[in-house]
Amino acid sequence: MTPHMLTRSLDRGAAIFLAVVAACGILIPLSSLLLPAGSFLQVPTYLVALWGKYVCYAILALSIDLIWGYCGILSLGHGAFFALGGYAMGMYLMRQIGARGVYGNPILPDFMVFLNYSKLPWYWHGFDMFWFAALMVLFVPGLLAFCFGWLAFRSRVTGVYLSIITQAMTYALLLAFFRNDFGFGGNNGMTDFKDILGFNVQAEGTRAALFALSCLALILCFLICRSVVSSKLGKVLIAIRDAESRSRFLGYRVESHKLFVFTLSACMAGVAGALYVPQVGIINPSEFAPGNSIEAVIWVAVGGRGTLIGAALGAIVVNYAKTYFTSGVLAPYWLFMLGAMFILVTLLLPKGIVGTFNAWRESARDRRPAATTASAAEDGIIEPKMAE
């Protein structure tokens, strides 16, 4: 992936989006750290963490839009990859606690001491090193997506059947991670994190740095997605989305293309989960809930399927609305409001917010030359035709 390929894939809207994300990633942390508390422009630490969570959700929405908007793979279990990346980071953060836990065990996390574990499970070894945990953030979701995709796509499972299978996958993981003997904290999950790379997780500087890293990850994931969808591979993915059987008859290896983009999407979701955990301060099996994956699909639909920018925007808008409405008298009715939002967008804005705006802008652009030509004809100004 060359720099020329990345810059060539950007249009005006993408450049503006990246500029806004970069500006937020720089200005918000500086405002939180440098301006005095109580200042009008000073961003409180809790808002930095909250917006950092929104950015992580935007990365997850990008990963879903890559496979659904451009390849037609509707995954209702992408929250599983998000949660697996979060658990990989949570395991690293738990190993960093050491003897500072409630039980003072330098090796075993508190929940293992409480559950009478005699030694650290073998799959926890190596998570005391950040580079190993970062590798697992990509490897574990990617490996699961590769194995699942290889079996599903090779069997030519598509449409609603594939969606149901992905939902069953994340529900199976939910049940597994709820078990105390699974070695991941059971129902309570992992929490009470202390340090990340030697820095206090709760410190203002650490939260600002995590927000900036989340914005950087969003920019990188967006560039990767743009380079994929604007390349020859992206055109094949769109052909698979629109006419999978015809693409297969033309000689394209449909299963290989779908497997690649599905695995790439899962790795992106894992990165989002890894950045999410230290900013939220907890990871538990509820992240595997099928409802979370369905909600993430709604973000993409609201923002605009197949636009990338719309997916990220939809994640931020819907989650901001969720934060706003679940803190007042409307809290018990949030799920009804979310369902109503999805229905209204589907009926009134079937292409989503950004997709509808792009369609309106293109139609206005097409009408402008036609109006200019008609005006010139009325004035008697007609360009000479080339001799045949």
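Just above, that's the structure.
Residues numbered from 1 in each chain as written. Predicted model: local features only at pLDDT ≥ 70, side-chain atom pairs only at ≥ 80, totals over all residues. Heavy atoms only, no water.

1. Structural notes on the side chain of S163
The residue S163 is located in helix α7 (residues 159–178) in this model. Given a relative accessible area of 4%, S163 falls into the buried group. From its side chain, S163 meets the backbone oxygen of L74 in a polar contact 2.8 Å long. In this structure, S163 is in contact with L74 and L76, ignoring residues within four places of it in sequence. (Helix = DSSP H or I, 4+ residues; strand = E, 2+ residues; numbered from the N terminus. Buried < 20%, exposed > 50% of the residue type's maximum accessible area, 1.4 Å probe, protein only. Polar contact = N/O pair within 3.5 Å; in protein donor to acceptor, adjacent residues only side chain to side chain. Contact = heavy atoms within 4.5 Å.)

2. Section: a nonpolar patch on the surface
There is a patch of nonpolar side chains on the surface, built from L313, V317, F342, I343, L344, L347, L348, L349 and I353 and spanning about 790 Å² of accessible area. Put simply, the parts of the chain that give the nonpolar patch at least two residues each are α13 (309–325) and α14 (334–348). With five residues, the top contributor of residues to the nonpolar patch is α14. With respect to the element layout, L348 can be found in helix α14. (Patch = residues over 30% accessible without salt bridge, like charges linked within 9 Å, V, L, I, M, F, W, Y side chains within 5 Å. Areas by Shrake-Rupley, 256 points an atom, 1.4 Å probe, with all protein chains shown as cover. Salt bridge = Lys/Arg side-chain N within 4 Å of Asp/Glu carboxyl O.)

3. Things to note about the environment of K53
Mapped onto the fold, K53 is located in helix α3 (residues 45–71). K53 sits 87 residues away from V140 along the chain, and the two C-alpha atoms are 22 Å apart. In this structure K53 touches Y276, Q279 and V280, once residues within four positions along its chain are discounted.

4. Considering the environment of A145
Within the secondary structure, A145 is located in helix α6 (residues 130–154). Measuring from C-alpha to C-alpha, the distance between A145 and V261 comes to 9.9 Å, with 116 residues separating the pair along the chain. Setting aside residues no more than four positions away along its own chain, A145 makes contact with F81, L259, F262, T263 and A266.

5. Considering the pattern of salt bridges
Summed over all chains, the structure comprises nine salt bridges. In this structure, R156 engages E255 in a salt bridge whose closest nitrogen and oxygen atoms are separated by 3.7 Å. Of this pair, R156 sits in the loop between α6 and α7 while E255 sits in helix α11 (residues 254–280), and the two are 99 residues apart along the sequence. Judged by its relative accessible area of 24%, E255 falls in the partly exposed class.

6. A look at unusual backbone geometry
At R156, a residue that is not glycine, the phi angle is positive and equals roughly 60°. Look at R156 and you get exposed, because its relative accessible area is 53%. The phi dihedral of D192 falls on the positive side, at around 60°, and the residue is not glycine.

7. Concerning the packing of helix α9 (residues 232–242) against α11
At a minimum axis separation of 10 Å, α9 and α11 run at an interaxial angle of 110°. By the criterion of interaxial angle, the relationship of α9 to α11 is roughly perpendicular. Relative to α11, α9 is oriented so that their crossing is left-handed. Touching L233, V236, L237 and I240 of α9 are V254, H257, K258, F260 and V261, all from α11. Class assignment of the residues belonging to the contact of α9 with α11 gives a composition of seven nonpolar, one polar and one charged. (Axes fitted to C-alpha atoms, helices over the stretch in contact; angles between N-to-C directions. Parallel < 35°, antiparallel > 145°, perpendicular 65-115°, else oblique. Left-handed = near helix turned anticlockwise from the far one by under 90°. Nonpolar A, V, L, I, M, F, W, Y, C, P; charged D, E, K, R; others polar.)

8. Regarding α13
With 17 residues, α13 ought to run about 24 Å at 1.5 Å a step, and its terminal C-alpha atoms sit 24 Å apart, in line with that. For α13, the full list of buried residues reads I309, G310, A311, A312, G314, A315, V318, N319 and A321. (Expected span 1.5 Å × (residues − 1).)

9. A closer look at the nonpolar core
Counting residues in each nonpolar core, the largest one holds 109 residues, and the members touching the most others are W124, M190 and F288. With sequence-adjacent residues up to four places away left out, W124 is seen in contact with M91, M94, R95, P109, F111, M112, G183, F184 and M190. (Core = buried A, V, L, I, M, F, W, Y, C linked by side-chain atoms within 4.5 Å.)

10. Details of the environment of W51
Looking at where W51 falls in the secondary structure, it is placed in helix α3. A relative accessible area of 28% means that W51 is categorised as partly exposed. Between the C-alpha atom of W51 and that of Q279, which follows or precedes it by 228 residues, the distance is 9.7 Å. Excluding anything up to four places from it in sequence, W51 contacts I28, V43 and F211.

11. Remarks on the packing of α3 against helix α8 (residues 204–229)
Two numbers describe a pair of packed helices, the interaxial angle and the distance between the axes. With their axes 9 Å apart at the nearest point, α3 and α8 run at an angle of 15° to one another. Judged by the angle between their axes, α3 and α8 are roughly parallel. Here the hand of the crossing between α3 and α8 comes out left-handed. Among the residues forming the contact of α3 with α8, the class breakdown is 20 nonpolar, three polar and two charged.

12. Concerning the side chain of R207
Mapping R207 onto the fold places it in helix α8. In terms of polar contacts, R207 uses its side chain to reach the side chain of Q202, at 2.7 Å. If we ignore the near neighbours within four places in the chain, the residues touching R207 are T45, V48, A49, V201, Q202 and Q279.

Any functional reading would require information beyond the geometric quantities listed.
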